[in-house]
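Read off the chains here:
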Amino acid sequence: MTVRTRFAPSPTGYLHIGGVRTALFNWLFAKHNGGQFILRIDDTDQQRNVEEALEPILHGLKWLGINWDEGPGVGGPHAPYYQSQRYDKYQAVVDELIAKGFAYRDYAKPEELQAQRDEAQKKKETFVYNRQWMADTPEKEAQFKAEGRQGVVRLKTPLEGKLELDDLIRGHVEFDWAQEQDHVIQRADGSFIYHLANIVDDHDFEITHVIRAEEHLSNTPRQVFMIDALGWERPQYAHLPFVAEPGSKTKLSKRKLDKYMKNKDFSGLVNHGLELAKKMGLEVSADTFNPVITDFFEQQGYLPEAIVNYLALLGWSLDDHTEDFTPEELIANFTLERVVKGAASFDCAKLLSFEHRYMDRQSVERKTELCLPFAVKAGWVANDDAGKAKVAKVVAGASERIKMAADILNFEEFFLADDALPYVQKDVDKRLKKEGAQALLKKFADDVLAPAEVWEAAPLEEAMKVWLESNGIGIGEIIHALRVATTGKSVGIGMFEALEILGKESTLARIEKALTL
RNA sequence: GCCCCCAUCGUCUAGUGGCCCAGGACACAGGAUUCUCAGUCCUGUUACAGGGGUUCGAAUCCCCUUGGGGGUACCA
């Protein structure tokens, strides 16, 4: 039997990082077993602009390389893959459950039920509906309707016994049927409850393994009850631990950004992103531009493989030392047996370290390709060979300082015109305005830079050394002023590499201007 | 309240009765290198939630407590 797994997002307009982890594990498990991964959309009639709200989710999954074999955009033998287009199927199943006596029409009013619940609560008893308004005969049904009651369909769950399940991650789990309510599966307005739709879709799509977040574990009995009632084969279940907040074991939510911002690593990641966004002229809102949403990473040019690698390790490990996995290696090694049971909290610092490591491994050519679009967007270079060559030079010089593609934006000094170069005032004050600094700088420019014939890093450095020695000057006395004068700030790439990239003309022009500051 | 699930360094984890006075990674701290920053290289601090059992022996098995999460909805 072919292994088939699925991911079933609701069209919410964004792809949540916890959802990605669930999708990833489903995808890895299917691929590891030579099976298929299906994407199904849990939308409802009420939702407007489903396509629009779905787009970021599909886009995000594709960006991460999590491709689906069936679903939106690719079709498949079990179409439609949208719940809102599958109501006929749900209705047929509800009718069947009623016909077979596993479900019934119920005419209780919400307030009547609530009163009974409160009563049970007061007596500290588990509430079990007494089926008082169950319409098990046509007469009763007519009577309830005559009373103006609205009907729902409820499951007729067993009053005793227990359900035993073997979860692929949790192991053996037992539930008492007596604890289960007669859950509603179809509302008074005719719409269907998630659990019903869910099992019908999984059955139709021939899903063999249901891999989902652990909050669904307690929901499983009511779903299994329906599956058994219909005589269908149960899928195998695997309930994943949830993804928790940074530095805590509470479930991660996109609504609690303020709280997460108190976490140093989290706020560091966000602030770095915000700075880059500003340089890109990107309009960002905290709603979508934060590390809980995958879009955040894509917009800054993170490497999707790095994110996938990090996420794979959030609740799964191969052994006690292997950390780096290509997608292919993940597929080859992924098993549910090695998924942990406890919640794993989202660690921005570790994610960032994966990104750094992955970026370091890229060739200058590849990094240039990744960075170029950002430099183009900033209006610094054209998207042509000249632009590419310029970016390549900066990328080579910056080497490991570029941790994500958008970091190229931190090297504006190499792209801006000489007269447009911004200066960091405190660096100017400290390095250029220092007693004698400007005079020394001028002497250096006149003695060494102006006459230089070969404008490359190594000869320039050599020339400076000779000059320093013959004048009895330490390198520290000149180089900081030179850096601020040519780049506008006191931090940056190697001084001589920087000069080489700038070129002789710019270097001299900038020094000249710096002498007037 | 009741039911279910979970619990090893700050974080991700290894560990399935002796190999563990607990290993790796990230983070953190100190040092080295360097023109700054980044990086790199050393070095270091830090954990079996608590209490009872079982056993010659427990992070590992059992029970209780505590803590976290979920369900108990005409939410998903």
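Below or above, wherever it landed, is the structure these notes cover.

Parameters and conventions
Residues numbered from 1 in each chain as written. Chains lettered and ligands numbered in written order. Predicted model: local features only at pLDDT ≥ 70, side-chain atom pairs only at ≥ 80, totals over all residues. Heavy atoms only, no water. Axes fitted to C-alpha atoms, helices over the stretch in contact; angles between N-to-C directions. Helix = DSSP H or I, 4+ residues; strand = E, 2+ residues; numbered from the N terminus. Left-handed = near helix turned anticlockwise from the far one by under 90°. Contact = heavy atoms within 4.5 Å. Near = heavy atom within 4 Å. Polar contact = N/O pair within 3.5 Å; in protein donor to acceptor, adjacent residues only side chain to side chain. Nonpolar A, V, L, I, M, F, W, Y, C, P; charged D, E, K, R; others polar. Core = buried A, V, L, I, M, F, W, Y, C linked by side-chain atoms within 4.5 Å. Buried < 20%, exposed > 50% of the residue type's maximum accessible area, 1.4 Å probe, protein only. Salt bridge = Lys/Arg side-chain N within 4 Å of Asp/Glu carboxyl O.

1. A word on the packing of helix H14 (residues 364–377) against helix H15 (residues 385–398)
When two helices pack together, their arrangement is given by the angle between the helix axes and the distance between those axes.
Phase 1: In the contact formed by H14 and H15, the axes pass within 9 Å of each other and the chain directions differ by 115°. Crossing angle aside, the handedness with which H14 passes H15 is right-handed. Within the contact between the two elements, H14 uses Val364, Lys367, Thr368, Glu369, Cys371, Leu372 and Ala375 and H15 uses Gly387, Lys388, Val391, Ala392, Val395 and Ala396.

2. Overview of the protein's contact with RNA strand B
Phase 1: Every one of the 64 residues lining RNA strand B counts as a neighbour, but Arg117, Arg187, Gly315, Glu400 and Arg401 are closest to it.
Phase 2: Within the side chain of Arg222, an N or O atom sits 3.2 Å from a sugar or linking oxygen of RNA strand B.
Phase 3: For RNA strand B, a phosphate oxygen lies 3.1 Å from a polar atom in the side chain of Arg338.
Phase 4: When contributions to the surface near RNA strand B are tallied by element, the ones reaching two or more residues are helix H4 (110–122), strand E4 (152–155), strand E6 (171–176), helix H6 (194–204), strand E11 (344–345), helix H13 (348–360), helix H19 (479–487) and helix H20 (495–502).
Phase 5: The residue makeup of the surface near RNA strand B, split by class, is 23 nonpolar, 19 polar and 22 charged.

3. Observations regarding the nonpolar core
Phase 1: Residues Phe297, Phe346 and Ile408 are the most contacted members of the largest nonpolar core, which totals 120 residues.
Phase 2: Ranked by residues supplied to this core, first place goes to helix H1 (residues 17–32) with nine residues.
Phase 3: If we skip the residues at most four places from it in the chain, Phe297 touches Ile17, Trp63, Leu269, Pro291, Tyr302, Ile307, Phe346 and Leu351.

4. Some remarks on the pattern of salt bridges
Phase 1: Taken as a whole, this structure holds 30 salt bridges when the rule is applied.
Phase 2: Here Glu369 makes a salt bridge to Arg366, at a shortest N to O gap of 3.6 Å. Taken together, the positions of Glu369 and Arg366, both in helix H14 and three residues apart, correspond to about one turn of that helix.
Phase 3: The partly exposed category is assigned to Glu369, whose relative accessible area is 44%.
Phase 4: Judged by its relative accessible area of 33%, Arg366 falls in the partly exposed class.

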